[in-house]
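Close look at the chain arrangement
If you want the building blocks of each chain, they are given just below.
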Amino acid sequence: AKSDRRGTYRFFEPEMDAQLQARRLLEADLRKALANDEFELYYQPQINIRRHEISGFEALLRWRHPERGMVSPAEFIPVAEDIGLIAPLGDWVLERACAEAANWPKDIKVAVNLSPVQFRNRALVESVDKALTRSGLSPSRLELEITESVLLQDNETTVATLHQLRELGVCVAMDDFGTGYSSLSYLRSFPFDKIKIDQSFVRELTSRADCLAIVHSITRLGASLGMITTAEGVETEEQYQQLRAAGCTEVQGYYFGRPQPARDLVFSLFVEERR
Ligand code: C2E
Ligand code: CA
Ligand code: CA
Ligand code: CA
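Residues numbered from 1 in each chain as written. Chains lettered and ligands numbered in written order. Predicted model: local features only at pLDDT ≥ 70, side-chain atom pairs only at ≥ 80, totals over all residues. Heavy atoms only, no water.

An unreviewed UniProt entry annotates the chain as GGDEF domain-containing protein of Microvirga aerophila.

This part is about the pattern of salt bridges. Scanning the entire structure with this criterion turns up 18 salt bridges. Of the charged contacts in the structure, one is a salt bridge between Glu143 and Lys109, with a shortest N-O distance of 3.7 Å. With a gap of 34 residues between them, Glu143 in strand β5 (residues 142-146) and Lys109 in strand β4 (residues 109-113) connect regions that are remote in the sequence. Glu143 gets classed as buried once you look at its relative accessible area, which sits at 2%. Linked through salt bridges whose partners overlap, the residues forming this network are Arg23, Arg24, Glu27 and Asp82. (Salt bridge = Lys/Arg side-chain N within 4 Å of Asp/Glu carboxyl O. Helix = DSSP H or I, 4+ residues; strand = E, 2+ residues; numbered from the N terminus. Buried < 20%, exposed > 50% of the residue type's maximum accessible area, 1.4 Å probe, protein only.)

Right, let's talk about the side chain of Glu58 for a bit. The residue Glu58 is located in strand β2 (residues 53-65) in this model. Reaching out from Glu58, the side chain makes a polar contact with the side chain of Asn113 at a distance of 2.8 Å. At a separation of 2.9 Å, a polar atom in the side chain of Glu58 contacts the side chain of Lys196. (Polar contact = N/O pair within 3.5 Å; in protein donor to acceptor, adjacent residues only side chain to side chain.)

Bringing the coordination of the calcium ion (ligand 2) into the picture now. When a metal holds four donors in a tetrahedron, each ideal angle between them is 109.5 degrees; when it holds six in an octahedron, the ideal angles are 90 or 180 degrees. Of the protein atoms, only Glu58 (OE), Asn113 (OD1), Glu145 (OE) and Asp175 (OD) coordinate the calcium ion (ligand 2), at distances of 2.2 to 2.3 Å. The distance between the calcium ion (ligand 2) and the calcium ion (ligand 3) is 4.0 Å, with Asp175 acting as a donor to both metals. Here Asp175 lies in strand β6 (residues 171-177) and Glu145 lies in strand β5, a separation of 30 residues in the sequence. (Donors = N, O, S within 2.8 Å, 3.2 Å for Na, K, Ca; no water.)

Next up, the structure:
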């Protein structure tokens, strides 16, 4: 990989700025990463508050770069989207998540993040169907998380695709709820199964009255629309208690468990019992 890297480097003009060079290197490394088996999925538990049980795990992509170590998905996913790699990478995530979840207890779901770019690809529904068939995972155990930006683009086609996905029997969650331009109007365009309350609201829940009020309204809104509400980024007991009092359905965050490789997962709520 070292000599490869030097070979790539030679093509740069000397005046090209360091940032652009770093970006080109990242692109080159990313193109090789799938074939080199450098990706892994970590899973973070989602806890049903009322039932005191783990209802599922969110799959979070990790890239173990041979020299840099772990690279954050916040850094490489936008690059993968730009250079046309998100379709094969997204397919890999779907296949792996379904295959791993097929070994879990039957009442535990897996949530997979989808990029808006995957929605521009006609083959998305086929990819999801294939991952389900090959793994034998029941469709009701797969949840797809999409952000509001998915609905920003060509709304009609996107909504049609969401309906096709729903027809496969999978669940659809709206991620990062409350951070977009018109979160409320998007709730009207598709009957989501779940709303994920963005971590930015949870972070200041106990210090800002407005955040608490917003979380209360989202929870009530979700309940009246028959949707599950999941609060993300829960890090403290105080936040958890506020969310429970607000009537939130599920919580997810470091307080209950960090994202972990499949082999380390525990399916019972030992965290709750220990407390
Ligand atoms: P996201 O979907 O909003 O995922 C939640 C992020 O919050 C994850 O970061 C998770 O590790 C982190 N997190 C969980 N609990 C806590 C907490 O208590 N406190 C704090 N501060 N953070 C917490 P991560 O794993 O770095 O992923 C970042 C983003 O990258 C994700 O945000 C998602 O948008 C994207 N991503 C991750 N995996 C995939 C994937 O397989 N496909 C696609 N398209 N996007 C992915
Ligand atoms: Ca997510
Ligand atoms: Ca989120
Ligand atoms: Ca996010």
